[in-house]
Amino acid sequence: MSERTLVVLSAGLRQPSSTRLLADQLAAAVVDEAARRELALRHRTVEVREHAHDVVNNLLTGFPSAALGQAVEEVTAADGLITVSPIFGASYSGIFKSFLDVLDRDALADKPVLIAATGGTARHSLALEHALRPLFSHVRAVVVPTGVFAAPEDWSDGGADGALRTRIRRAAAELAEQIVRYPGRTPTDPFTLTTTFDDLLATPPPTA
């Protein structure tokens, strides 16, 4: 069974939060769906709130802290990404967008992404399509068709109710399928020589 990596980006502002609860249930479902396809997924959750100050400092100075740099590297190197944001003012949270702003421009290009959100009312579910999906389409990510939104009434005894559970499972299957197809990325060593010394010696010097 081959192994790939999944990173969950959770932008909840409180602990505990329904955003993290949804993120955990989505991650478990994707790992399960990947196993059905004989694909082992190692997954890690990045809590955006833990990097809030470092994100702001990075935007101001252009330099990430060690912890933020590691989180950014994990997101960039992941074979699949789950993103979950609370909805404020009919859109994703500011710290969620700010975290994405510190990523390299091509960091999410062609990467399979599952978008999800939480909100105080089901009316905010439209933010999945008018805010989150265009955001990830702009950075050329491969966004799976099913977005998952959870309102307070979608939870029952700390777990997803029947309708939410169905959406989670469908979105998880779509992301797992995309990860199976995703070629992944081979990290580039900046010190790797791309030209041999023989080639350099054979190259004529530039003429004035």
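Residues numbered from 1 in each chain as written. Predicted model: local features only at pLDDT ≥ 70, side-chain atom pairs only at ≥ 80, totals over all residues. Heavy atoms only, no water.

1. Brief notes about the nonpolar core
- By size, the foremost hydrophobic cluster in this structure holds 33 residues, and its most contacted members are L9, F99 and F136.
- Elements that contribute at least two residues to this core include exactly β1 (2-10), α3 (66-77), β3 (80-88), α4 (94-101), β5 (112-118) and α5 (127-138).
- Here this core gets five residues from one element, more than from any other, and that element is α5.
- Apart from the residues within four sequence positions on either side, F99 is in contact with L9, V46, V48, V55, L68, A71, V72 and V75.
- Within the second largest apolar cluster, 27 residues are counted, among which are A34, L39, I168 and L175. (Core = buried A, V, L, I, M, F, W, Y, C linked by side-chain atoms within 4.5 Å. Buried < 20%, exposed > 50% of the residue type's maximum accessible area, 1.4 Å probe, protein only. Helix = DSSP H or I, 4+ residues; strand = E, 2+ residues; numbered from the N terminus. Contact = heavy atoms within 4.5 Å.)

2. Describing the pattern of salt bridges
- In total, this model carries 17 salt bridges according to the counting rule given.
- With a closest N to O distance of 3.0 Å, E33 and R37 form a salt bridge.
- The buried category is assigned to E33, whose relative accessible area is 8%.
- For R37, a relative accessible area of 30% corresponds to the partly exposed category.
- Here D106 makes a salt bridge to R105, at a shortest N to O gap of 4.0 Å.
- Of the residues examined, R105 reaches a relative accessible area of 72% and is grouped as exposed.
- One network of salt bridges, in which partners are shared, links D32, E33, R36, R37, R169, E177 and R181. (Salt bridge = Lys/Arg side-chain N within 4 Å of Asp/Glu carboxyl O.)

3. Notes on the confidence of the model for the protein chain
- Taken as a whole, the protein chain shows an average pLDDT of 89; of its residues, 86% reach a score of 70 or greater.
- In this model residues 186-192 is a low-confidence stretch, pLDDT under 50, and it forms zero contacts with partners more than four residues away in sequence or in other chains. (pLDDT = per-residue confidence, 0-100.)

4. Some remarks on unusual backbone geometry
- In this model, Q15 is joined to P16 through a cis peptide bond whose omega is -5°.
- Mapped onto the elements of the fold, P16 is located in the loop between β1 and α1 (18-36).
- A positive phi angle, close to 60°, is found at E38, a residue other than glycine.
- Turning to its location among the elements, E38 is positioned in the loop between α1 and β2 (39-47).
- Even without glycine at this site, D110 takes up a positive phi of about 70°.
- Locating D110 in the fold gives a position in the loop between α4 and β5.
- Residue D110 is classed as exposed on the basis of its relative accessible area of 51%.

5. Section: the environment of A52
- On the secondary structure map, A52 appears in helix α2 (residues 52-61).
- Note: C-alpha distance between A52 and L68 (16 residues apart in sequence) is 9.2 Å.

6. Here's the deal with the packing of α4 against α5
- The contact between α4 and α5 brings their axes to 13 Å, and the two run at 5°. Comparing their axes, α5 and α4 come out roughly parallel. Touching F96, K97 and L100 of α4 are L132, L135 and F136, all from α5.
- Split by residue class, the contact of α4 with α5 holds five nonpolar, no polar and one charged. (Axes fitted to C-alpha atoms, helices over the stretch in contact; angles between N-to-C directions. Parallel < 35°, antiparallel > 145°, perpendicular 65-115°, else oblique. Nonpolar A, V, L, I, M, F, W, Y, C, P; charged D, E, K, R; others polar.)

7. Quick look at the pairing of β2
- In the sheet, β1 pairs with β2 via nine bridges, with the strands oriented parallel. Bridge pairing links L6 to H43 in β2.
- Considered for its hand, the β-α-β crossover made up of β1, α1 and β2 is right-handed. (Pairing = 2+ DSSP bridges. Right-handed = clockwise from strand over helix to strand, strands pointing away.)

8. Side note on the side chain of H51
- Tracing the backbone shows H51 in the loop between β2 and α2.
- Setting aside anything within four residues of it in sequence, one finds H51 in contact with V46, A67, L68 and A71.

9. So, the side chain of R4
- For R4, the location among the structural elements is in strand β1.
- Polar side-chain contacts of R4 include one of 3.4 Å to the side chain of D79.
- Polar contacts involving the side chain of R4 include one to the main-chain carbonyl oxygen of Y182, which spans 2.2 Å. (Polar contact = N/O pair within 3.5 Å; in protein donor to acceptor, adjacent residues only side chain to side chain.)

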